[in-house]
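Breakdown of the fold
Each chain is listed here by its residues.
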Amino acid sequence: MNDRTTTLDGPATDDTLTRPFEGASPYDTYVHASVLNTLQHPLTEAPDEMGFLVTTQVMELWFTLVVHEWRTAKVAFAKDDLPAAMDALVRSRRALTALGGAWAPIAALTPAQFNGFRAAFGRASGFQSAMYRHMEFLLGDKSAGLLRAHRGDPAVHEALAETYREPSLYDEVLAYLHRQGLPVPHHVRERDVTRPYDSDPGVAETWRHVYAGPQHHPHLALGELLTDIAELVTRWRFDHVLVVRRAMGAKPGSAGSGGGAGGGARGGPAGVPPNWGGGGVGVV
């Protein structure tokens with residue numbers, strides 16, 4: 001975080017690194033690490049619970065960043081600013097890669113290790129994550145029922161309802177492509193955006209047109225980037241299933257979900273974000 005380099009046998013001697021701070025350090029004032037480091041409250045003596053808490057909290061932070069980048073991309077698409085939209089999507093791809101790697105601390109929990117603290121969190125479940133629900137709604141996977149589940153927390157519910165009522169990221173992509181002269185069907189552009197997005201043959205034909213054209217066209221690069229994002233979300237979901245199955249087998253999940261026998265975790269089937277899958281066509 002500075003322009004100096006140090007080596008193991010040659011530590012920095014700059015007295016600014018050792019000078020007493022007037023109050024909190026500038027680093028903590030900006031990052032709020034002292035706040036973050038007070039948010040872990042294990043409820044048992046199980047040695048694996050701390051890792052579970054930290055992993056879950058880190059994932060929530062990655063969700064927050066992904067949602068931020070997708071919203072940034074949405075605004076850029078609405079302004080026909082493809083470079084800014086692509087930049088935001090690239091940043092989200094990096095965040096999704098890090099999100100997938102966040103499973104590592106708990107990926108090998110045995111049933112005995114997990115059962116050492118599972119009862120402590122009662123009916124709490126990752127399926128209840130509001131920020132992950134924002135991610136799903138932004139992908140076009142809308143659900144009025146899952147929105148209603150958050151009515152007990154008015155602030156969280158209203159924020160999520162706003163994402164539910166707005167066009168998804170993919171809706172904005174298709175609107176952008178239409179304004180660029182591509183034949184996105186009218187009924188897709190005018191659909192009820194509170195409904196889950198369904199694959200449409202006309203949209204598939206639009207992407208076939210893109211993929212049959214110049215192989216270095218920006219729209220083809222967009223299709224590939226969206227497919228990368230779809231695959232990363234799918235991989236995260238699949239890895240969640242594997243972690244759950246390894247730790248608890250086919251037992252019911254903590255909030256009444258199907259657990260390892262119920263397909264996907266947090267948000268339904270372990271499939272690609274709704275109808276985004278590529279396979280040579282890009283996104284449909």
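Right above here is the structure, for reference.
Below is a short write-up of the structure. Given the structure is predicted, the values throughout are model-derived calculations rather than measurements.

This paragraph deals with the overall build of the protein chain. Check the secondary structure of the protein chain and you find twelve helices and zero strands. Secondary structure of the protein chain in N-to-C order comes out as α-α-α-α-α-α-α-α-α-α-α-α. When the 284 residues of the protein chain are sorted by exposure, 39% land in the buried category. Looking at the protein chain alone, contacts between residues at least 24 apart form 70% of all its contacts between residues at least 6 apart. About 15,200 Å² of surface is accessible on the protein chain, with carbon and sulfur atoms providing 58% of the total.

By the secondary structure assignment, Thr55 is in helix 3 (residues 49-78). Within the structure, Thr55 has its side chain in polar contact with the backbone oxygen of Gly51 (distance 2.8 Å).

Turning our attention to the layout of surface pockets. Size it by volume and the second largest pocket reaches roughly 190 Å³. Lining of the second largest pocket is provided by Ala33, Leu36, Asn37, Leu39, Gln40, Val54, Gln57, Val58, Glu60 and Leu61. Contributing elements (two or more residues each) for the lining of the second largest pocket: helix 2 (33-36) and helix 3. Sorting elements by how many residues they give to the lining of the second largest pocket places helix 3 first, with five residues.

Under the criterion given, the structure shown has nine salt bridges. Arg191 is paired through a salt bridge with Asp171; the nearest N and O atoms lie 3.0 Å apart. Of the two residues, Arg191 sits in the loop between helix 10 (186-189) and helix 11 (201-212) while Asp171 sits in helix 9 (residues 169-179), which places them 20 residues apart along the sequence. As far as the burial class goes, Arg191 and Asp171 line up, both buried. A cluster of three or more residues bridged by salt bridges with shared partners is formed by Arg133, Glu136 and Arg237.

Calculation criteria
- Residues numbered from 1 in each chain as written.
- Predicted model: local features only at pLDDT ≥ 70, side-chain atom pairs only at ≥ 80, totals over all residues.
- Heavy atoms only, no water.
- Helix = DSSP H or I, 4+ residues; strand = E, 2+ residues; numbered from the N terminus.
- Buried < 20%, exposed > 50% of the residue type's maximum accessible area, 1.4 Å probe, protein only.
- Contact = heavy atoms within 4.5 Å.
- Areas by Shrake-Rupley, 256 points an atom, 1.4 Å probe, with all protein chains shown as cover.
- Polar contact = N/O pair within 3.5 Å; in protein donor to acceptor, adjacent residues only side chain to side chain.
- 1 Å grid on protein atoms, 1.4 Å probe; cavity = no way out; pocket = protein on both sides within 12 Å on 5 of 7 lines; lining within 4 Å.
- Points joined across faces, edges and corners; volume = space filled by probe spheres on them.
- Salt bridge = Lys/Arg side-chain N within 4 Å of Asp/Glu carboxyl O.

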